[in-house]
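Single-letter residue listing:
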Amino acid sequence: MTYSLFSTVTTYCIYAFFRLYGMYGHKHWAQDLGIDFLAVIAGLMFSRLAFITLNNNLMVSSLRAMMMQSVALMLIIAFCFCDFLYALWTLSWNHARCDDLEEEMVVEDELVNTVEIYDTIPTYY
């Protein structure tokens, strides 16, 4: 609570400094920067007030859990997509063409068929 209060007071002091500096020094950029700090403070205060007043509410608790799960799911999806991109990148090292990939798939299919034949041999005896 103390850290939160300290950061809020500090940002308000920064806002007041820039607004007063802009007003008395006739600096338009300082006044705009003060308004920007006020917008940051408003965003921080709104979320803080919303989650403090509704802290024991079941809806807010479930929303927090759903947000954490969706972030975790997005990270897993991003990881899988990066693996897919890495696979495409490593395929491009050999400058592979579609013909080369087709030949590899035929050879792989023949190997699979050969293994299946060896699996069925004991049933003949």
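Residues numbered from 1 in each chain as written. Predicted model: local features only at pLDDT ≥ 70, side-chain atom pairs only at ≥ 80, totals over all residues. Heavy atoms only, no water.

Enquirer: Outline the overall build of the protein chain, listing residues and values.
Expert: Helix and strand content of the protein chain: four helices and zero strands. Walking the protein chain from its N terminus toward its C terminus, one meets helices and strands in the order α-α-α-α. Buried positions account for 7% of the 125 residues belonging to the protein chain. In the protein chain, of all internal contacts separated by at least 6 residues, the share reaching a separation of at least 24 is 23%. Only carbon and sulfur atoms are counted for the fraction: they give 72% of the accessible area of the protein chain, which is about 11000 Å². (Helix = DSSP H or I, 4+ residues; strand = E, 2+ residues; numbered from the N terminus. Buried < 20%, exposed > 50% of the residue type's maximum accessible area, 1.4 Å probe, protein only. Contact = heavy atoms within 4.5 Å. Areas by Shrake-Rupley, 256 points an atom, 1.4 Å probe, with all protein chains shown as cover.)

Enquirer: Describe the packing of aromatic side chains, with residues and values.
Expert: According to the stated counting rule, one finds four aromatic pairs in the structure shown. With centroids separated by 5.9 Å and ring planes inclined at 15 degrees, the aromatic side chains of phenylalanine 18 and phenylalanine 37 adopt a geometry described as stacked. Placement of phenylalanine 18 in helix α1 (residues 2–25) and of phenylalanine 37 in helix α2 (residues 28–53) is noted, with a sequence separation of 19 residues between them. Taking relative accessible area as the criterion, phenylalanine 37 reaches 24% and is therefore assigned partly exposed. Ring centres of tyrosine 21 and tryptophan 29 lie 6.2 Å apart, and the angle between their planes is 65 degrees; on these two criteria the pair is classed as edge-to-face. By way of ring pairs, the aromatic residues Phe17, Phe18, Tyr21, Trp29 and Phe37 are connected into one cluster. (Phe/Tyr/Trp six-rings, centres within 6.5 Å; stacked < 30°, edge-to-face > 60°.)

Enquirer: How would you summarise the state of the cysteines if you had to cite specific residues and measurements?
Expert: On inspection of all chains with the given rule, the structure shows zero disulfides. Here cysteine 80 is not disulfide-linked; the sulfur of cysteine 82 is the nearest cysteine sulfur, at 9.3 Å. Classification of cysteine 80 by relative accessible area gives partly exposed; the value is 46%. (Disulfide = S-S within 2.5 Å.)

Enquirer: Give a description of the confidence of the model for the protein chain that names residues and reports values.
Expert: When pLDDT is averaged along the protein chain, the result is 75, and 68% of the positions lie at 70 or above. When pLDDT is averaged over each element of the protein chain, helix α3 (residues 58–91) comes out on top at 83 and helix α4 (residues 98–124) at the bottom at 58. (pLDDT = per-residue confidence, 0-100.)

Enquirer: So, unusual backbone geometry: which residues are in play, and what are the values?
Expert: With a phi close to 55 degrees, histidine 26 is a non-glycine residue in the positive phi region. Positionally, histidine 26 belongs in the loop between α1 and α2.

Enquirer: Outline a nonpolar patch on the surface, supporting the account with residue identities and numerical values.
Expert: A grouping of Phe81, Phe84, Leu85, Leu88 and Leu91 is seen on the molecular surface, where their side chains present a nonpolar patch of about 480 Å² in accessible area. Tracing the backbone through its elements, the reader meets leucine 88 in helix α3. Exposure remark for leucine 88: the relative accessible area of 43% places this residue in the partly exposed category. (Patch = residues over 30% accessible without salt bridge, like charges linked within 9 Å, V, L, I, M, F, W, Y side chains within 5 Å. Salt bridge = Lys/Arg side-chain N within 4 Å of Asp/Glu carboxyl O.)

Enquirer: Give a detailed account of the environment of methionine 45, specifying residues and quantitative values.
Expert: Locating methionine 45 in the fold gives a position in helix α2. Placed 37 residues apart in sequence, methionine 45 and threonine 8 show a C-alpha to C-alpha distance of 8.4 Å.

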